[in-house]
Structure formats: structure tokens, C-alpha cells
Amino acid sequence: MGDVTEFQDRLLSLGLARVSEAAAIASARLIGRGDEKAADQAAVNAMRAQLNLLDIAGVVVIGEGERDEAPMLYIGEEVGTGRGPAVDIALDPLEGTTLTAKDMPNALTVIAMAPRGSLLHAPDVYMDKLAIGPAYEPDTVTLDMSPAARVRALARAKGVAADEIAVCILDRPRHEAMIAEVRATGAAIRLITDGDVAGVMHCAEPDVTGIDMYMGSGGAPEGVLAASALKCMGGHIFGRLLFRNDEERNRAAKAGITDLNRIYTRDDMVRDDVIFAATGVTQGSLLRGIKLGHGFVECETILMRSKTGSVRRVSYRAPLHG
Ligand code: VTB
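Owing to the predicted nature of the structure, the values given are computational and were not obtained by experimental measurement. (Residues numbered from 1 in each chain as written. Predicted model: local features only at pLDDT ≥ 70, side-chain atom pairs only at ≥ 80, totals over all residues. Heavy atoms only, no water.)

1. Digging into the packing of helix H1 (residues 9-27) against helix H2 (residues 36-51)
Thinking step 1. At a closest axis distance of 7 Å, the pairing of H1 and H2 adopts a crossing angle of 150°. The angle between the axes of H1 and H2 places the two elements in the roughly antiparallel class. Here the hand of the crossing between H1 and H2 comes out right-handed. Facing Arg18, Val19, Ser20, Ala22, Ala23, Ala26 and Ser27 of H1, the residues of H2 in contact are Ala39, Ala42, Ala43, Ala46, Met47, Gln50 and Leu51.
Thinking step 2. Classifying every residue of the contact of H1 with H2 gives ten nonpolar, three polar and one charged. (Axes fitted to C-alpha atoms, helices over the stretch in contact; angles between N-to-C directions. Helix = DSSP H or I, 4+ residues; strand = E, 2+ residues; numbered from the N terminus. Parallel < 35°, antiparallel > 145°, perpendicular 65-115°, else oblique. Left-handed = near helix turned anticlockwise from the far one by under 90°. Contact = heavy atoms within 4.5 Å. Nonpolar A, V, L, I, M, F, W, Y, C, P; charged D, E, K, R; others polar.)

Next comes the structure, spelled out in C-alpha cells:
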């Protein structure tokens, strides 16, 4: 037996799947009920309760917000029993609260765990993101390329024409110029309304999802979660923090970030072995959604370890009580 304070990623991974399953099951009855807050709260409560059963000395580095604005799973909260390895936790109990409230595809519960000090403390600002799948050299596309140049470079590397590339982008007014430029290359765009962790993960399995590349700005904390997923599944992601005002720059300073223009690679955001679990809430292209049947619940979880690159899809079924 190894030292119990070592990062026991094999042993801990099933525990992590339980945490994401619990959050998803708790939000199941709120799918399609139009209440984002209630769905999120149910997921947060369940995720925190399960997480505190794990034998880890965990600290939340990507969580529900700053201590004064989030009562649970806030950044800096200590989680777990305290008996076990010192780990960083990145989580989003419900990535896609609006997707859940409106019963739209690809809402997930997400959690990643890595040795203490290895996950980027991303401040709550936007991040410019660019991701591709595992079949390419990391420098095939870069954040400094224009959107059109990225499409053409990826098409060249894939050995196809630009109009055979599909790009996933968050549907936001701020992305109008990017969308127009990508369209001008002939590439297809899958617009999503929310959920860019899932958006990035789509790049890792292009044959399943039909997506080759993700680009655009979204939450920086979600960028670290997406980097954790790609470190396990394969694929590359680059991120650059975006600051709109001094208040946002101060948030970066508080998180210990000094170089505001730095481009982070996947391995800059996740500097050591990581384990990752996500459970489908609404029906999705990566995972099935939760199914509430007569007296039982079923869900599907993707559970992965970067050390081995293993990707499991675990289905779970249990009787419903009460
Ligand atoms: C993304 C996405 C989230 O916010 O980060 C996005 O992953 C970006 O923020 O699911 P804006 O909504 O401000 O554009 C979400 O869509 C919602 O948190």
C-alpha cells in the first residue's frame, strides 16, 4: 500500500463519479421547470454532501464564487474528511443551469481533482478559448491566428477542405464577427447557448460529436475544467484571460496572477495528474441525460484519469426512495 497522503487517483476516481452522480440526480426533478436557481442549489447541496464523504484534504480552487458571495463550495472551502491526500478541487455542480431549467441539451455536473497546487486559480473573468482534439500537434492552431486562419490550418492538418470542418461557438453578440469570419471559410458552426465545458469536450471525440474545434470567450473557471477534461481525453486548449475593467484585474491579482496577457496551455492550467468526472443532466451528445423511471433513477457519467488516459462511461441505476 502506498502512503495514504499520496494522490490515490485510481482509488479516488470512483468516489469522484459518485460526487457528480449525486449532483445530477439531485437536479433531475428540476429539469424543464424554469427555475435555474433551484436546480443549481439542489446540485450544489448534493455535490458538497458527497464530496465531504471522500477521504481527502481538499480545497476548492474553482467553485461557486468568492467566500462572501457563495455560502457553499466557495473558493477556498476545505472539503473532504481531511484524512487523505491534499488535493485541489475544481467543480461546477451544474454547468448549464439555464440548459437544465429549459430542458436543452448538454447540461452536466462537473468535478476535477488534482494534487494540491496543480490547478490554475482562474479568477471569475472571461477567457478567450481555443480547443482542438487529440489527432493534432498542439501548435496546429493558436489564439493569435484569426478565426478564418484557424479553420484553414485545422483543415490542412486534417487533410480536408475548410467546409468539412465544424466549429462550436457560444451564441453571443460578442462573437458576431468571429462567427461571420468562420462562416466565410465555408466551415459549419454549431452554436450553443450555454455550456462551454461540454463544448470544448466535443473536440476530443469528433467522430461522435461532429465537432473539430471550439473557439470564443466564456468563463475562465470553466476553462480550467475543460482543460482537465482534455488532459484526460486528449486534445489541446489554449486560454487567455480577458479583463474589462480594474475590478476584474484586481480579481486576477487576488488569484496571484501577474502576467495578464499570458496564454495558458492545457498543461499550464492543469500542472499534474488529474481525475475528472461529469454526469449528464439533460440529454446530450456526450452523455445521456438523467432518466427518472417508475421507482428508479438512471444516469451516465464519464470518468477519466489523465495518468493513463482512460475514459470510462459508467451507467448508474438505483431505486428511488420516498
Ligand atoms: C460559459 C458557459 C456557461 O456562461 O462559460 C458562459 O460555460 C459564458 O458567459 O455555461 P456569458 O453567459 O456571460 O457569455 C455559461 O453559459 C453560463 O454560466
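Read on for the rest.
2. Quick look at the nonpolar core
Thinking step 1. By size, the foremost hydrophobic cluster in this structure holds 50 residues, and its most contacted members are Met201, Tyr214, Ile237, Leu241, Met269, Phe276 and Ile302.
Thinking step 2. If one sorts the elements of this core by residue count, helix H8 (residues 220-233) sits on top with nine residues.
Thinking step 3. Formed jointly, this core draws a minimum of three residues from each of two domains, domain 1 (9-117 + 274-319) and domain 2 (126-269).
Thinking step 4. Sequence-distant contacts of methionine 269, that is, excluding residues within four places in its chain, are made with Ser118, Leu119, Leu120, Met127, Gly223, Val224, Ala227, Ile237, Phe238, Gly239 and Tyr264.
Thinking step 5. By size, the runner-up hydrophobic cluster in this structure holds 36 residues, among which are Leu30, Ala42, Ile56 and Leu303. (Core = buried A, V, L, I, M, F, W, Y, C linked by side-chain atoms within 4.5 Å. Buried < 20%, exposed > 50% of the residue type's maximum accessible area, 1.4 Å probe, protein only. Domains from an automatic or database assignment.)

3. Some remarks on the packing of aromatic side chains
Thinking step 1. A full pass over the atoms with the stated rule returns zero aromatic pairs.
Thinking step 2. Just above the ring of tyrosine 126 sits the side chain of arginine 174; from NZ or CZ to the centre is 4.3 Å.
Thinking step 3. For the cation-ring pair, arginine 317 lies above phenylalanine 296, with the distance from its terminal atom to the ring centre recorded as 3.9 Å. (Phe/Tyr/Trp six-rings, centres within 6.5 Å; stacked < 30°, edge-to-face > 60°. Lys NZ or Arg CZ within 6 Å of the ring centre and 35° of its normal.)

4. Quick word on helix H9 (residues 246-254)
Thinking step 1. Between the side-chain oxygen at the start of H9 and the backbone nitrogen of glutamate 247 there is a gap of 3.2 Å, and the oxygen is on asparagine 245.
Thinking step 2. Looking one or two residues beyond H9, the residue adopting positive phi is glycine 256, at roughly 85°. (Polar contact = N/O pair within 3.5 Å; in protein donor to acceptor, adjacent residues only side chain to side chain.)

5. Things to note about the state of the cysteines
Thinking step 1. The final tally for this structure, using the stated rule, is zero disulfides.
Thinking step 2. Free of any disulfide, cysteine 203 has its nearest neighbouring cysteine sulfur in cysteine 168, separated by 7.2 Å.
Thinking step 3. With no disulfide of its own, cysteine 299 lies 19 Å from the sulfur of cysteine 232, the closest cysteine sulfur.
Thinking step 4. Overall, cysteine 299 belongs to the buried group, its relative accessible area being 3%. (Disulfide = S-S within 2.5 Å.)

6. Structural notes on the site of the ligand
Thinking step 1. For the ligand, the full set of nearby residues is Glu95, Tyr126, Leu170, Arg172, Arg174, Asp194, Gly195, Asp196, Gly218, Gly219 and Glu222.
Thinking step 2. At a separation of 2.5 Å, an oxygen atom of the ligand approaches a polar side-chain atom of aspartate 194.
Thinking step 3. Burial of the ligand by the surrounding chains reaches 73%, relative to a free accessible area of 410 Å².
Thinking step 4. Split into classes, the residues belonging to the shell around the ligand amount to two nonpolar, three polar and six charged. (Near = heavy atom within 4 Å. Areas by Shrake-Rupley, 256 points an atom, 1.4 Å probe, with all protein chains shown as cover.)

7. Some points on the domain arrangement of the chain
Thinking step 1. Here the chain is described as being made up of domain 1 (9-117 + 274-319) and domain 2 (126-269).
Thinking step 2. Here the C-alpha centroids of domain 1 and domain 2 sit 23 Å apart.
Thinking step 3. Across the domain 1/domain 2 interface, buried area totals approximately 1,800 Å², and carbon plus sulfur atoms make up 73% of it.
Thinking step 4. Area buried by domain 1 at its contact with domain 2 is led by Ile62, Glu95 and Leu286, which between them contribute 27% of it.
Thinking step 5. For the pair domain 1 and domain 2, the interface holds two salt bridges.
Thinking step 6. Between lysine 254 and glutamate 66 there is a salt bridge, and its shortest N-O distance comes to 3.7 Å.
Thinking step 7. Scanning the region where domain 1 abuts domain 2 turns up four residue pairs in polar contact (both at pLDDT 80 or more). (Buried area = accessible area lost by both parts, 1.4 Å probe. Salt bridge = Lys/Arg side-chain N within 4 Å of Asp/Glu carboxyl O.)

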